[in-house]
Every structure is written in structure tokens, then in C-alpha cells.
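Residues per chain, in single letters:
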Amino acid sequence: MEVLLPLRFKGESVLVLDQRLLPREEKYVERYDLEGIYESIRSMELRGAPLIGIAAAYGMVLGVQNQSFTHPIDLLEAVRKNAERLNRARPTAKNLFWATDRLVRLVERNIDLPVEEIIYRMRAEAIKINEEDVEICRNIGENFLKVLRPGMRLLTHCNAGALATYRYGTATAPMYLGQERGWNFQVFVDETRPYNQGARLTAYELHRAGIDATLICDNMAAMVMSKGWVDAVLVGSDRVAANGDAANKIGTLNLSILARHFGIPFYVATPTPTLDLDLPDGSRIPIEERDSEEITHFQGIRVAPEGIKVFNPAFDVSPHENITGIVTEKGIAFPPFQSSLKALAEAPFLTGKG
Ligand code: MRU
């Protein structure tokens with residue numbers, strides 16, 4: 001099966017799979033500069049915390065590589081400004097800020113080098129962030145398989161899949177690895193209103209890969225759980241605070257409460273770049289609010305009365321008490337998360353590449 005790549009760096013540009021068109025059309029658009037990448041992230045042409053981070057890293061490169069700077073200090077000034085610009089594209093996913101900051105720090109560290117050499121290193125760093133993501137997701141998958149068993153029935157929400165990363169996804173990584181190993185997972189996929197990432201993206205990529213997936217509406221999760229048809233809930237995350245409170249797509253909080261009610265393990269897939277241990281708890285995670293038309297309209301057709309008030313938060317925070325384990329590339333954090341997350345954040349990530 002041909003791998004579906006959500007993005008490809010071409011040196012002078014980035015090819016972005018326009019996820020807004022899925023599942024109807026697989027169409028790539030080409031972005032040549034920082035503003036193009038900003039627009040891709042803002043408009044959700046690409047989305048998902050890790051992919052936003054990868055795209056931002058390339059955006060930082062495109063933002064300077066064809067400009068002329070007389071002195072490295074001018075380059076640093078531009079890089080800082082570009083980071084601020086990209087950071088405004090979306091507020092919740094930590095990976096965006098983590099990636100732009102990583103590029104800014106690289107320039108600061110190399111400020112004594114010639115401008116061309118610094119830009120060369122920025123490009124190498126962005127490619128490294130991209131390549132690391134594949135290993136991070138694969139390791140998350142391996143770590144998940146330590147707590148799952150063949151034949152399990154899983155439930156996932158939104159798209160924490162290959163389309164939200166560079167390969168494998170985070171919450172979907174064990175599904176792909178399990179499939180390679182004949183583990184025969186069955187997966188319930190929440191539709192994920194209002195943006196339908198579950199129906200449009202997760203159902204699409206799992207089905208395309210031949211994984212046993214069943215699409216349900218979000219409000220059916222309680223029913224399938226009550227029937228005993230769900231052995232574990234696996235979701236992604238956009239930002240996880242020091243105490244383990246985890247922000248993810250709106251509706252994840254409902255699932256965490258349901259899982260606790262029905263005694264079903266609830267796991268949150270979290271690459272360490274998604275951790276925000278400077279935040280003591282989830283109450284300070286910025287929650288994006290999106291256009292009311294996502295709720296009042298369906299595919300351009302009005303489905304709610306004109307003038308109705310709308311509240312459309314894109315994310316919610318699942319409290320740490322509802323979370324069984326936070327699965328990172330370095331291992332699984334179990335409660336109490338304060339200490340287990342800190343230990344994982346500080347542990348080295350052995351990429352196998354030396
Ligand atoms: O608004 P989106 O589509 O960017 O939200 C995506 C999610 O909430 C994902 O679950 C999260 O980013 C993790 S992706 C591995």
C-alpha cells in the first residue's frame with residue numbers, strides 16, 4: 001500500500017496535502033514561503049499537533065532561505081519575527097511553539113557562523129524534526145503494544161493518525177504496527193463533530209490501510225461502551241500539562257468521563273514535544289475557538305437558524321484523574337503523572353541513529 005504523506009519538503013517549497021478535501025480528493029498544494037505555511041496551518045489544510053510542528057519548522061526555513069542578510073544578527077531578528085508570526089497560526093498545539101523555538105535556539109547557538117551556514121543548519125534541523133517524528137510515532141506504537149493485546153476493540157477520536165504526523169500517527173501507531181503483526185484490532189472511529197476529522201480522515205486512512213474500522217457518531221460512544229464492545233480508548237493530544245491534564249480535540253473529555261464510568265482504560269498518546277510541563281495543570285492551556293459556520297453549516301448548507309448564538313471550542317481538557325496512561329516515545333507515564341512525566345521528559349530518546 002502506497003504511504004499517504006501529508007507533506008513533503010522539496011528544498012525550495014513544501015508540498016501540502018490539502019486535508020480539507022479528504023476523503024473526496026487527494027490533492028497537494030505547493031507552499032513557497034512563510035506566509036504560505038502560515039496559511040496552511042491556519043486554514044487547516046494541514047492539522048494535527050505533530051504535523052503542525054513539522055510544517056512550522058519548514059516554514060521557518062522557507063522564511064529566510066531566499067532572503068539576503070548582511071549579518072547573522074539580522075538573520076536572528078528575522079527568525080524571531082517569523083517564529084512570532086507562525087505561532088499565531090493556531091493556539092493550542094504545543095508542537096507549533098516547540099518547533100519554532102527549536103529553530104530560534106539553533107540560530108542563537110550558531111550566531112558566530114556565516115549566514116549561509118546558519119541557514120544550512122536550519123534546513124538540516126527542520127529535516128531532523130521531520131525524521132524524528134517517524135521514530136517518535138513508531139516508538140509510541142511499540143510502547144502502546146505493551147499494554148494492548150491482540151484482538152482488542154479500540155475506540156479513537158479525531159485524527160491522531162498518519163495524516164496528523166509524518167507516518168504512523170500517535171494514537172493510530174499501535175493500529176498500524178498491530179496490523180503488520182496480525183493483532184487484528186477492531187477500531188471504532190468517532191465521527192468528531194464539528195470538523196469531522198474522524199469520519200473524513202481517520203476512517204479514511206485506516207480503511208485505506210485495510211484496518212478493521214467502524215465509524216460511529218460521537219454520541220454513540222456511550223452506547224458501544226455500555227455493550228462492552230470497547231476494551232481501550234486511544235486518543236491523541238495537543239498539549240499536556242505537568243499534572244497530566246491533556247488537551248485534545250473537543251469531545252475527548254466526554255470520552256474520558258465515559259471510559260472512567262465504564263471502567264475502560266483511557267490512554268493519551270503524547271510525543272514529548274507535546275508536553276508543556278511549565279503549565280502546572282490544564283486550566284491554563286489556550287483553547288482555540290473556531291468559526292461558528294463549522295456548526296451552523298454542513299458542507300456550505302445552513303443547518304441552524306440565522307442569528308443563533310454559537311460556541312465552538314476546538315479542544316477540551318481531559319483531567320488527569322480520567323487518564324490511565326500517557327504514552328510517549330520514551331515510555332508510558334502512569335499516575336502520579338507529575339513525577340512520571342517529568343522523568344520521561346528528562347530521559348534521553350534513543351533514536352537508534354546514534
Ligand atoms: O484541530 P486538529 O485537527 O488539528 O486537532 C487534532 C487533534 O486534536 C489531534 O488529536 C492531536 O493534534 C494529536 S495528532 C497526533
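Criteria and thresholds
Residues numbered from 1 in each chain as written. Predicted model: local features only at pLDDT ≥ 70, side-chain atom pairs only at ≥ 80, totals over all residues. Heavy atoms only, no water. Near = heavy atom within 4 Å. Polar contact = N/O pair within 3.5 Å; in protein donor to acceptor, adjacent residues only side chain to side chain. Areas by Shrake-Rupley, 256 points an atom, 1.4 Å probe, with all protein chains shown as cover. Helix = DSSP H or I, 4+ residues; strand = E, 2+ residues; numbered from the N terminus. Buried < 20%, exposed > 50% of the residue type's maximum accessible area, 1.4 Å probe, protein only. Core = buried A, V, L, I, M, F, W, Y, C linked by side-chain atoms within 4.5 Å. Contact = heavy atoms within 4.5 Å.

1. Examining the site of the ligand
Near the ligand, the surroundings consist of 17 residues, among which Arg47, Arg90, Asp238, Asn248 and Lys249 are the closest. The side chain of arginine 90 places a nitrogen or oxygen atom 2.8 Å from an oxygen atom of the ligand. Here an oxygen atom of the ligand sits 2.7 Å away from a polar atom, N or O, in the side chain of lysine 249. Compared with its free state, where it exposes 410 Å², the ligand has 99% of that area covered by protein.

2. Things to note about unusual backbone geometry
For residues that are not glycine, phi is negative in most cases, and the peptide bond is trans in most cases. Residue proline 23 follows leucine 22 across a cis peptide bond; omega there is 5 degrees. Tracing the chain through its elements places proline 23 in the loop between strand S2 (14-17) and strand S3 (28-31). The backbone of asparagine 184 shows a phi angle near 50 degrees, a positive value even though the residue is not glycine. By the element assignment, asparagine 184 lies in the loop between helix H6 (173-180) and strand S5 (186-190). Classification of asparagine 184 as exposed rests on a relative accessible area of 59%. In this model, threonine 192 sits at a positive phi of 70 degrees, which is unusual for a non-glycine residue.

3. Overview of the nonpolar core
Of all hydrophobic cores here, the largest spans 44 residues; its most connected members are Leu7, Ile41, Leu75 and Met122. Elements that contribute at least two residues to this core include exactly strand S1 (7-9), S2, helix H1 (34-42), helix H2 (49-62), helix H3 (72-87), helix H4 (94-109) and helix H5 (115-145). Once residues lying within four places of it in the same chain are set aside, the contact partners of isoleucine 41 are Leu46, Ile52, Ala55, Ala56, Ala89, Arg90 and Leu96. Counting residues in hydrophobic clusters, the runner-up holds 29 residues, among them Phe144, Tyr176, Val189 and Ile332.

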